[in-house]
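Below, each chain spelled out in residue letters.
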Amino acid sequence: MAITQGKMPFVFGMVVLATLLVAAPAAHSACRSPKNICKHFDDCLLRTSDPNNKDADGIRAGVTARNGQIVLASAETCARDLGRKQQWDKWARGCSELEFVQIAKVGLELGKVHCDRYSQ
């Protein structure tokens with residue numbers, strides 16, 4: 001029984017260490033191009049010529065619901081429609097869902113002019 005008790009803290013420590021090593025890269029990732037993402041959101045929000053375009057509605061709904069998956073899906077569809085899908089993929093790499101919501105919220109509330117507050 002004494003041997004089993006001695007191994008328990010070691011096993012627990014290894015599990016904690018493994019969890020930290022796996023979670024660390026995700027915790028420190030950041031958007032590579034928030035300025036470009038912000039401008040892209042603004043371009044998507046301003047596309048009103050096509051009545052079937054639901055990208056802007058999706059971005060607005062995602063921001064309202066604070067749901068980054070909805071924002072991301074709408075932005076990807078818009079990027080495809082604008083012929084910017086490869087650029088979008090590069091810009092969006094490393095962004096969290098929360099960052100998409102925050103950047104889109106800036107675009108909604110303040111407009112494209114304030115996208116310059118993000119450094120490249």
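Residues numbered from 1 in each chain as written. Predicted model: local features only at pLDDT ≥ 70, side-chain atom pairs only at ≥ 80, totals over all residues. Heavy atoms only, no water.

K.L.:
How should I be thinking about unusual backbone geometry in this particular structure?
P.N.:
Excluding glycine, residues mostly carry a negative phi; peptide bonds, for their part, are mostly trans. Even without being glycine, Arg 66 reaches a positive phi, approximately 55 degrees. With respect to the secondary-structure elements, Arg 66 resides in the loop between α3 (55-65) and α4 (68-82). (Helix = DSSP H or I, 4+ residues; strand = E, 2+ residues; numbered from the N terminus.)

K.L.:
Looking at this structure, how should I read helix α5 (residues 85-92)?
P.N.:
Burial in α5 covers these residues: Trp 88, Trp 91 and Ala 92. Here the buried residues of α5 occupy an arc of 85 degrees about the axis, which is enough to place them on one side. When the buried face of α5 is taken as reference, the exposed residues oriented beyond 90 degrees from it are Gln 86 and Lys 90. Buried residues along α5 sit in contact with α2 (34-46), α4 and α6 (97-110). A positive backbone phi angle near 90 degrees is found at Gly 94, which sits one or two residues after α5. (Buried < 20%, exposed > 50% of the residue type's maximum accessible area, 1.4 Å probe, protein only. Arc of directions from axis to C-beta. Contact = heavy atoms within 4.5 Å.)

K.L.:
Help me understand the state of the cysteines in this model?
P.N.:
The term disulfide refers to a covalent linkage connecting the sulfur atoms of a pair of cysteines. Evaluation of the coordinates by the stated rule reveals three disulfides. One disulfide in the model links Cys 31 with Cys 95; its S-S distance is 1.9 Å. With Cys 31 in the loop between α1 (2-27) and α2 and Cys 95 in the loop between α5 and α6, the pair connects residues that are 64 residues apart, well separated along the chain. In terms of burial, Cys 31 and Cys 95 fall into one category: buried. Put simply, Cys 38 and Cys 115 are joined by a disulfide, and their sulfur atoms are 2.0 Å apart. An S-S torsion of about -70 degrees defines the bridge between Cys 38 and Cys 115 as left-handed. With Cys 38 in helix α2 and Cys 115 in the segment after α6, this pair connects stretches of sequence that are 77 residues apart. (Disulfide = S-S within 2.5 Å.)

K.L.:
Before we go on, may I ask you to explain the packing of aromatic side chains in this structure?
P.N.:
Each pair of aromatic rings is reported with the distance of its centres and the angle of its planes. For the structure on display, the rule yields two aromatic pairs. Grouping aromatic residues by their ring pairs yields a cluster made of Phe 41, Trp 88 and Phe 100. (Phe/Tyr/Trp six-rings, centres within 6.5 Å; stacked < 30°, edge-to-face > 60°.)

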